[in-house]
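# Observations on the three-dimensional arrangement
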Amino acid sequence: MKSRLCLLWLIVLVACNVPTAITPTATPTITPPVAQLNDAEIFADGQTKVWAVATDSANVYWTDCGTSPADQNGRVMRAPKSGGAITLAANQACPSALALDADNVYWLSGASSARKILRVAKNGGDTQTLVAGGDLRALAVDTLGVYWTMCDVSHGAGAVMRLAQNGGTPEKIATTKNCANDLAVDAMNLFWIDDGGVMKLGKSGGTPMVIAPAQFHPRGIVLDATDAYWIADTYILRVAKSGGAPSVVSTNANGVSALATDAEDIYWSTANGTLMKIAKRGGTPTLLAQVRASALATDGVNLYLANLAASVQKVTVAGGLTVAPKSGEAIPLAVAQEGMTSFAADDANLYWTTCRYEPEKYPHGTVLRVSKNGGAPSVLAADQLCPQNVVADAANVYWINQGAETSSGEYRQGAMMRVAKTGGAPTTLVAPINGRGSLALDDARVYWSDCGTGSNRSDGAVFAIAKIGGTPEKIAMGQKCPQKVATDGDYVYWQSGDGITRLDKRGGASALFAVEGGGAFMFDEANVYWSHATQTSRTTFQSCADEQSALMRAPKVGGTAATLAEFAGLVPANIAQDVANIYLATDCTQGIQRIAKTGGAFAPVVPNVRADWIVVDAANIFWVDIPNGAVMKKAK
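Remember, it's a predicted structure, so these values are computed and weren't measured experimentally.

### A few points about the overall build of the protein chain
When helices and strands are counted, the protein chain shows 1 helix and 57 strands. Projected onto the principal axes, the alpha-carbon positions of the protein chain cover approximately 135 × 90 × 50 Å. Counting every position in the protein chain, which comprises 636 residues, the buried fraction comes to 50%. The long-range share in the protein chain, meaning contacts at least 24 apart out of those at least 6 apart in sequence, stands at 38%. Accessible surface, the protein chain: about 28900 Å² in total, of which carbon and sulfur atoms supply 53%. Counting 51 positive and 54 negative side-chain charges, the protein chain places the centres of these two groups 5 Å from one another.

### Considering the pattern of salt bridges
Counted by the stated rule, this structure contains 24 salt bridges. The closest approach of N and O atoms between R162 and E171, which form a salt bridge, is 2.9 Å. Under the relative-accessibility criterion, R162 is labelled buried at 17%. Note on E171: relative accessible area 38%, which makes it partly exposed.

### Topic: the state of the cysteines
This model, assessed by the stated rule, comprises 4 disulfides. Between the sulfur atoms of C65 and its disulfide mate C94 the distance is 1.9 Å. Looking along the S-S bond of the C65-C94 disulfide, the torsion reads about -110°, which is the left-handed sense. Here C65 is found in the loop between β3 (59-64) and β4 (74-80), whereas its partner C94 is found in the loop between β5 (86-92) and β6 (96-100), with 29 residues between them in sequence. According to the relative accessible area criterion, C94 is buried, its value standing at 8%. Across the disulfide from C151 sits C179; the S-S distance is 1.6 Å. Here the S-S torsion is close to 40°, and the disulfide linking C151 with C179 is therefore right-handed. Of the two residues, C151 is situated in strand β11 (residues 145-152) and C179 in the loop between β13 (171-177) and β14 (182-185); the sequence distance between them amounts to 28 residues. Residues C151 and C179 agree in their burial class; the two are buried.

### Some remarks on the packing of aromatic side chains
For the structure on display, the rule yields 8 aromatic pairs. For the cation-ring pair, R502 lies above Y491, with the distance from its terminal atom to the ring centre recorded as 4.0 Å. The ring centre of Y491 lies 5.7 Å from the NZ or CZ of R506, which sits over that ring.

### Observations concerning the sheet that holds β13
Here 4 strands make up an open sheet; going across it, the order is β10-β11-β12-β13 and the pairing antiparallel. The sheet is open, and its two borders are formed by β10 (136-141) and β13, each paired with just one other strand. The average undirected angle you get between the axes of adjacent strands in this sheet is 20°. Pairing of β11 with strand β12 (residues 157-164), which is carried by 8 bridges, proceeds in the antiparallel orientation. Within β12, the position partnered with W148 by the bridge is M161.

### Structural notes on unusual backbone geometry
Cis peptide bonds are those with omega within 30 degrees of zero, and the linkage from A431 to P432 qualifies with -5°. Residue position: P432 is located in strand β38 (residues 427-433). With phi around 60°, L308 is a residue other than glycine that occupies positive phi space. The residue C481 is not glycine, and still its phi comes out positive at about 50°. Relative to the assigned elements, C481 resides in the loop between β42 (473-479) and β43 (485-487).

### Describing the pairing of strand β9 (residues 128-132)
The pairing of strand β8 (residues 116-121) with β9 spans 4 bridges and is antiparallel. By the bridge assignment for β9, R119 is matched with Q128. What sits between the antiparallel neighbours β8 and β9 is a turn of 6 residues, in which G124 has the positive phi angle 95°.

### Here's the deal with the sheet that holds strand β35 (residues 387-392)
Sheet architecture is open: 4 strands sit in the order β35-β36-β37-β38, paired in antiparallel fashion. Edge positions in the sheet fall to β35 and β38, since each has one partner strand and no second. With direction set aside, neighbouring strand axes in the sheet form an average angle of 15°. Looking at chain direction, strand β37 (residues 414-420) and β38 are connected through 4 bridges and run antiparallel. Bridge pairing in β38 links R418 to T427.

### With respect to the pairing of strand β57 (residues 630-635)
Across 3 bridges, strand β30 (residues 331-334) lies against β57 in antiparallel orientation. Paired with P332 across the strands is M632, a residue of β57. Summarising the sheet, strand β56 (residues 620-625) and β57 pair through 6 bridges and their orientation is antiparallel. Its bridge partner lying in β57, W623 is registered against M632. Counting the residues between successive antiparallel strands, the hairpin from β56 to β57 contains 4 residues, one of them, G629, with a positive phi of roughly 60°.

### Observations regarding the environment of Q384
Along the chain, Q384 falls in strand β34 (residues 378-384). Each C-alpha atom, one on Q384 and one on L287, is 42 Å from the other, the two residues being 97 residues apart in sequence. Setting aside anything within four residues of it in sequence, one finds Q384 in contact with Y362, P363, H364, G365, W399, N401, M417 and P426. Separated by 3.0 Å, the side chain of Q384 and the backbone oxygen of A382 make a polar contact. One polar contact links Q384 to N401, side chain to side chain, over a distance of 2.9 Å.

### Notes on the environment of A132
Residue placement: A132 occurs in strand β9. Placed 24 residues apart in sequence, A132 and L108 show a C-alpha to C-alpha distance of 9.7 Å. When sequence neighbours within four positions are dropped, the list of residues in contact with A132 reads R115 and K116.

### Description of the confidence of the model for the protein chain
The predicted model of the protein chain has a mean per-residue pLDDT of 88, with 92% of residues at 70 or higher. For residues 1-34, every residue scores under 50 in pLDDT, and the model assigns this stretch 0 contacts once sequence neighbours within four places are set aside.

### Focus: the environment of D56
Secondary-structure assignment places D56 in the loop between β2 (50-55) and β3. Sequence-wise, D56 and R610 are 554 residues apart; in three dimensions their C-alpha atoms are separated by 44 Å. Ignoring sequence-local partners within four residues, the contact set of D56 consists of Y61, K81, L100 and K122. Side-chain polar atoms of D56 contact the backbone nitrogen of A58, separated by 3.0 Å.

Cut-offs used in this document
Residues numbered from 1 in each chain as written. Predicted model: local features only at pLDDT ≥ 70, side-chain atom pairs only at ≥ 80, totals over all residues. Heavy atoms only, no water. Helix = DSSP H or I, 4+ residues; strand = E, 2+ residues; numbered from the N terminus. Buried < 20%, exposed > 50% of the residue type's maximum accessible area, 1.4 Å probe, protein only. Contact = heavy atoms within 4.5 Å. Areas by Shrake-Rupley, 256 points an atom, 1.4 Å probe, with all protein chains shown as cover. Lys, Arg positive; Asp, Glu negative; His and termini not counted. Charge placed at Lys NZ, Arg CZ, Asp CG, Glu CD. Salt bridge = Lys/Arg side-chain N within 4 Å of Asp/Glu carboxyl O. Disulfide = S-S within 2.5 Å. Phe/Tyr/Trp six-rings, centres within 6.5 Å; stacked < 30°, edge-to-face > 60°. Lys NZ or Arg CZ within 6 Å of the ring centre and 35° of its normal. Pairing = 2+ DSSP bridges. Axes fitted to C-alpha atoms, helices over the stretch in contact; angles between N-to-C directions. Polar contact = N/O pair within 3.5 Å; in protein donor to acceptor, adjacent residues only side chain to side chain. pLDDT = per-residue confidence, 0-100.

As structure tokens, then:
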């Protein structure tokens, strides 16, 4: 009996230890978060006009302008990041230009030339006036001192000032070129933007250093450990603190209105009300939120926004929508080029000139170059007297310096200049000349035009000089203000009040080639092509119905000129060609268009762009957009 019980127990025991079959568990499906815009939260409301914003590890600070400086009802505010606003200073005259150190909050208060620098402890207390009086523009602080910029508009100059943290007498540590509205500080140096460019000065003093040239309305400088970043109209630019060629961080067609940075990213607000970010070293931009900001501050987790409204807003920096580049999108080769005056190309590079017409900036024109494949633009010649009409041959780049205006509309103190493509000092080839002339090259000589003098401009001339130098030769006289000059293997062509004239280089008198003219012209082996105005009776501003032009063609061997096409808009001053087509843009074509040299209809090539100059090669179209200061490239 005992054995039977034991056997039964054994059977039960074995049965109890039989492994139970395991039903496989399905792998859970992880749904990635849906990419979406972030919401702009109200961080602090009940304000009148939030002007500036800053943050440290624990708190957010901002200025409320109040109704107006005269009312003196502005405030300086603080709130823990968990919320709950505290007034640090009341009865202020539109406080602005906020700055922080470890213990205090600093700001500018007042209007026009009667601003003050004030300070209050972060934990509250009495407000202290540090500096009073003057047109104070920008503010920065560190453990050593308080720094600000002053402006004297009447004299077109300004200064960077310093006051030691322990008090004393304010001292001027640098003179600025015109007024500086931006100022930043790191452990060793001060940085600001004036008409000389992005400037750097050691805190111990000395001569300010230009770390990047002045470009296209620069403003809004911010710093990280190695670089300076700033806004240049529609672009965000970066340059090493040690100086060098600026690079583009990002571009936005709607403009940039505010800038901030953390360890990894750059953040900006656009004029049309979007909040963006991009990695500092490049990549694809992210659209964070649909919100407008006039000032930004970030702690790497959130962005805090001032936008002249009645609240401080907050947006998280994580997430957002990736802004994918469009296929075949145009590529900027150079940006923030202010005052572009001419454009040319050779097989490998693009060349352009800049001239800023304000009297103090006029002598600081530049001649620049960039590879067609991209890269940093390089300056071939600086401090030129308004360079224009750039052209290039295999070894050199040539241009005309407009020079000073000798009388109304006259520029008789110009010069023809040359610099080697390999670099070096520019050489004056001919001076003085009419600074409003035009240049052309062949293998041996340089040709240029002189519009002449007097009311009828009938004493104009065309000149030539050997590239190696020598005595200029007047090859045509009695011309009605000759303008554009061009040359091929056999002839020199120019435009004047009579039309298009040409001169056989092999000898003989000049002869009128076509009576139409007034625009751009070029030629290939068989034909001459040019544009001219057919109707210019403007009744409304930029009325395309009132402005009509035509593209013409005539064989070099002679014959009747033919109209290839008519189009709306002012006559283009520049046209381009490849083997089969002519390219042009006007104020009414809504982009770059192309037409076959044999005739037909225009076809859009690059829509919805402005193109003031165009060049093409076998693979690409290059153009200049003067208002945006850009040199652009797009594959055909």
